[in-house]
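# Report on the structure
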Amino acid sequence: MIMKKIWRNVLLTALAVVISCGLWSMVSSAAGSRRCYTILNNNTPVYSNTGLTSKYGTIFGSDEISVITVTGRYTKVTYPVSGGRTKTGYISTNAILWGTTGNTYTSRAKITTYKRPGGASYGYVATGDRVIILGSSGGYTQVKYPVSGGFKYGFISTDEANRYIKGDTAPTAQTAASFQMPLDNARCTWRSYSNWSWGNNRGGSGRVYHLGIDIIGSNDNVRAAANGTVAAAGWNNANGNYVVLKHNLDGQTFYSFYAHLSRRNVSKGASVGKGATIGTVGNTGSASGGKHLHFAMMNSLWAGSYYGYATYFSGNKTNYSGVTYYNPVYVINNSRLP
């Protein structure tokens, strides 16, 4: 009888340990959940086996994936299907990751992350976050970073990874060759223009002289013209969706302005690297000329909306209503303020 009681107590204790470990495993798994999107914005086949030979589903570019297990060749994931349901299967690891391991660093700035290279924003890496760098390609670096409830795999600009995470270079003032046009293969949208429409008369008299440039490109990705910080991002009736970036050139603070966006990819306070996608070209606000980017540079952050036009002026800079505007093409070509 005594032996039966002893064995019963042993079994109950063992059972309690098993249940406890099981529950802890479940909690740990939930707390460490990992989410991401496919690297390419296309359809990715899902397989029912680790050999990746029996296809039984598809992950679309718009699907957010939950990562369960990662190996060098295949990854077990859960993905959304119709009716609000999910399925679990296996995909090729290189469909979502540029690497499975990497070095861990502490971020020294708030950095905007993206779902995929050149894609929409996916949150941000916060100052002090412990970040794993998984790989770099084409100006972007893939990172694993903490979020509420677990982690995300996302992308940041390689320039920001080097400056604020890896610490290869300190975040100093801009130097020569630090600027680029905000659109790929940019061209002016005005029918008749000079100097990319800077200072050009749109027709008439009075406040009709352009305080920036109007451009379109070979795609709609709006890129940061230089390393900087998002000083403002919002909407007003004149400029529609807009983003303002703060920069430093040879110790002098100035701002770049991007207006009429159809979408903003960044929020105030985020650090961005030159070439990072900060929004999408649109025709919001008073973009009477159709879809284009109004791009300008100024000496101050103004509480109102920046003017697009002023009274007559000449040269590569002018002051209007208390704000000094710079010819952005001059700054990009010369890496200095006029």
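The present account deals with the structure reproduced in this document. (Residues numbered from 1 in each chain as written. Predicted model: local features only at pLDDT ≥ 70, side-chain atom pairs only at ≥ 80, totals over all residues. Heavy atoms only, no water.)

### Regarding the overall build of the protein
Secondary structure assignment for the protein yields three helices and 26 strands. Contacts in the protein between residues at least 24 apart in sequence constitute 57% of all its contacts with a sequence separation of at least 6. Per element, the accessible surface of the protein, about 16,100 Å² overall, is 51% carbon and sulfur. (Helix = DSSP H or I, 4+ residues; strand = E, 2+ residues; numbered from the N terminus. Contact = heavy atoms within 4.5 Å. Areas by Shrake-Rupley, 256 points an atom, 1.4 Å probe, with all protein chains shown as cover.)

### Topic: the sheet that holds strand β20 (residues 263–264)
The three strands are arranged β16-β22-β20 in an open sheet whose pairing can be described as antiparallel. Two strands lie at the open edges of the sheet, namely β16 (221–223) and β20, each paired on one side alone. Looking at chain direction, β16 and strand β22 (residues 277–280) are connected through three bridges and run antiparallel. In the strand pairing of β22, asparagine 221 is matched with threonine 280. (Pairing = 2+ DSSP bridges.)

### Description of the packing of aromatic side chains
With the rule as written, the count across this model stands at 13 aromatic pairs. Taking 6.3 Å as the distance between ring centres and 85° as the angle between the ring planes, the aromatic pair formed by tyrosine 114 and tyrosine 140 counts as edge-to-face. With a gap of 26 residues between them, tyrosine 114 in strand β8 (residues 111–114) and tyrosine 140 in strand β11 (residues 140–147) connect regions that are remote in the sequence. Exposure remark for tyrosine 140: the relative accessible area of 8% places this residue in the buried category. Ring centres of tryptophan 302 and tyrosine 307 lie 5.5 Å apart, and the angle between their planes is 35°; on these two criteria the pair is classed as tilted. Assessed through its relative accessible area of 30%, tryptophan 302 is described here as partly exposed. By way of ring pairs, the aromatic residues Tyr242, Phe257, Trp302, Tyr306, Tyr307 and Tyr320 are connected into one cluster. (Phe/Tyr/Trp six-rings, centres within 6.5 Å; stacked < 30°, edge-to-face > 60°. Buried < 20%, exposed > 50% of the residue type's maximum accessible area, 1.4 Å probe, protein only.)

Without other data, these values stay purely geometric and don't point to any function.
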